[in-house]
Amino acid sequence: MKNFPLMAAAFEGSLVALAIVLGWLLGVEPLATFRFEPYDAALALAATLPPLTLFWVCVKYPFGPLKQIAQLIDEMVVPLFRECGLIQLAVIAALAGLGEEMIFRGVVQTALAEWLGGETGPITALAISAVLFGMLHAVTPTYALLAAIIGLYLGWLWMEMDNLLVPVVVHGLYDFAALTYLVKTRPNKAP
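Procedures and definitions
Throughout, residues of each chain are indexed from 1 in the direction in which the sequence is written. The predicted origin of the model limits local features to residues at a pLDDT of at least 70 and limits the giving and counting of side-chain atom pairs to 80 or more, whereas totals for whole chains, interfaces and linings rest on all residues. Side-chain figures throughout are based on the complete set of non-hydrogen atoms in the structure, without hydrogens or water. For helices the rule is a DSSP run of H or I covering at least 4 residues; for strands it is a run of E covering at least 2, with both sets numbered from the N terminus onward. Contact criterion: two residues are considered in contact whenever any of their non-hydrogen atoms come within 4.5 Å of each other. To be clear on the numbers: accessible area is Shrake-Rupley with a 1.4 Å probe, and residue cover counts the displayed protein chains and nothing else. Expected span of a helix, by definition, is 1.5 Å for each gap between consecutive residues, and there is one gap fewer than residues. Burial classification: accessible surface area is computed with a 1.4 Å probe over protein chains only, and a residue below 20% of its type maximum counts as buried, one above 50% as exposed, and the rest as partly exposed. To get an axis, fit a line to the C-alpha atoms, keeping to the stretch in contact for a helix; angles then go from 0 to 180 degrees between the N-to-C directions. Angle categories are assigned with fixed cut-offs, so that under 35 degrees is roughly parallel, over 145 is roughly antiparallel, 65 to 115 is roughly perpendicular, and the rest are oblique. Here a crossing is taken to be left-handed if its near helix is turned anticlockwise relative to the far helix by less than a right angle, and right-handed if that turn runs clockwise. Note on terminology: a nonpolar core comprises buried Ala, Val, Leu, Ile, Met, Phe, Trp, Tyr and Cys residues joined through side-chain atoms within 4.5 Å. Here a pair means two rings of Phe, Tyr or Trp (six-membered ring of Trp) with centres within 6.5 Å. Their orientation is stacked below 30 degrees between planes, edge-to-face above 60, and tilted elsewhere. In the sections that follow, a salt bridge refers to a side-chain nitrogen of Lys or Arg positioned within 4 Å of a carboxyl oxygen of Asp or Glu. Residue polarity follows a fixed list, in which Ala, Val, Leu, Ile, Met, Phe, Trp, Tyr, Cys and Pro are nonpolar, Asp, Glu, Lys and Arg are charged, and the others, Gly among them, are polar.

**Describing the overall build of the chain**
Each helix and strand in the chain was counted, giving eight helices and zero strands. Tracing the chain from N to C terminus, the helices and strands come up as α-α-α-α-α-α-α-α. Pairs at least 24 residues apart make up 80% of the contacts formed inside the chain by residues separated by at least 6 positions. Carbon together with sulfur atoms contributes 72% to the accessible area of the chain, which is approximately 10300 Å² in total.

What follows is the structure, encoded as structure tokens:
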């Protein structure tokens, strides 16, 4: 699909606008905790290793329900992104990281924690936002579960660091590395 990179970037970019609108409706500033701090940026680079390790294990050893995910990746994802250059993949991944983290951590997790309140509010908000993150990535039940686990991880990072930059960088870098490997590095499985 010739215009796919532009369409993908526009879709991911529209999530930033959606986060702003949702934040306005819910009385939450999606970027309230976003700030560039070198230590947090360096930590985010290191924090990308656990999800990339999970990705590598799933791709390298696709057994059981992971085979279905591998098949979907080979049949749907790789062909869509095959013609993208590295810069296009980087832009799409960066916009995905920013938009999705603004929505799920900056708006949903924040609003739920405020609404629920108390000592358990933040943990409950983390769990609910992770489940929602998984549900919105539900191409298969197993993929939804893996996405929910990643959502828990990203939400936990945000809570620990109190800086949205960390999950944004982890998410975007993970997406970029995974797409680059699948589309540009790994031997093609399909013509």
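**Focus: helix α6 (residues 121–135)**
In this model α6 runs 21 Å from its N-terminal to its C-terminal C-alpha over 15 residues, within 8% of the 21 Å that 1.5 Å per residue would give. Here α6 has its buried residues at Gly121, Ala125, Leu126, Ser129, Ala130, Phe133 and Gly134. Buried-residue contacts for α6 involve α5 (86–116), α7 (141–161) and α8 (165–185).

**Quick word on the packing of helix α1 (residues 4–26) against α5**
For the pair α1 and α5, the least separation of the axes is 8 Å and the interaxial angle reads 20°. One way to sum up the angle between α1 and α5 is to call them roughly parallel. Between α1 and α5 lies a crossing of left-handed hand.

**What about the nonpolar core?**
Formed by 24 residues in total, the largest nonpolar core has its most connected members in Ile103, Leu157, Val166 and Val170. Where this core is concerned, the elements lending two or more residues are α1, α2 (38–47), α5, α6, α7 and α8. Among the elements that line this core, the one with the most residues is α7, at seven residues. Ignoring sequence-local partners within four residues, the contact set of Val166 consists of Asp40, Leu43, Ala44, Leu157 and Met161. Among the nonpolar cores identified, the runner-up in size contains 18 residues, and Ala9, Val78, Cys84 and Leu179 belong to it.

**Overview of the packing of aromatic side chains**
Summed over all chains, the structure comprises six aromatic pairs. With centroids separated by 4.9 Å and ring planes inclined at 90°, the aromatic side chains of Phe4 and Phe81 adopt a geometry described as edge-to-face. A residue pair is termed long-range when its members are at least 10 positions apart, and Phe4 in helix α1 and Phe81 in helix α4 (residues 65–81) qualify at 77 residues. Both residues of the pair, Phe4 and Phe81, count as buried. Taking the centre distance of 6.1 Å and the plane angle of 90° together, the rings of Phe55 and Tyr174 count as edge-to-face. Of this pair, Phe55 sits in helix α3 (residues 49–60) while Tyr174 sits in helix α8; the two residues are 119 residues apart in sequence, bridging distant segments of the chain. On the basis of relative accessibility, which here comes to 12%, the residue Phe55 falls in the buried class. Site record: aromatic cluster; members linked through ring pairs are Phe55, Tyr174 and Tyr181.

**Let's talk about the pattern of salt bridges**
If the charged atoms of two oppositely charged side chains come close together, the side chains can form a pair. Applying the stated criterion across every chain yields a total of two salt bridges. Between Arg105 and Glu101 there is a salt bridge, with its nearest N and O atoms 2.6 Å apart. Of this pair, Arg105 and Glu101 are both found in helix α5, four residues apart, which corresponds to roughly one turn of the helix. Given the relative accessible area of 0%, Arg105 is considered buried. With relative accessibility at 0%, the residue Glu101 sits in the buried group.

**Brief notes about the packing of α5 against α7**
Interhelical geometry of α5 versus α7 gives an angle of 65° and a closest axis separation of 11 Å. By the angle class used here, α5 and α7 are roughly perpendicular. Handedness of the α5/α7 crossing: right-handed. The residues of α7 that touch α5, namely those facing Glu101, Arg105, Gln109 and Thr110, are Gly151, Leu154, Gly155, Trp158 and Met159. Of the residues contributing to the contact of α5 with α7, the split by class is three nonpolar, four polar and two charged.

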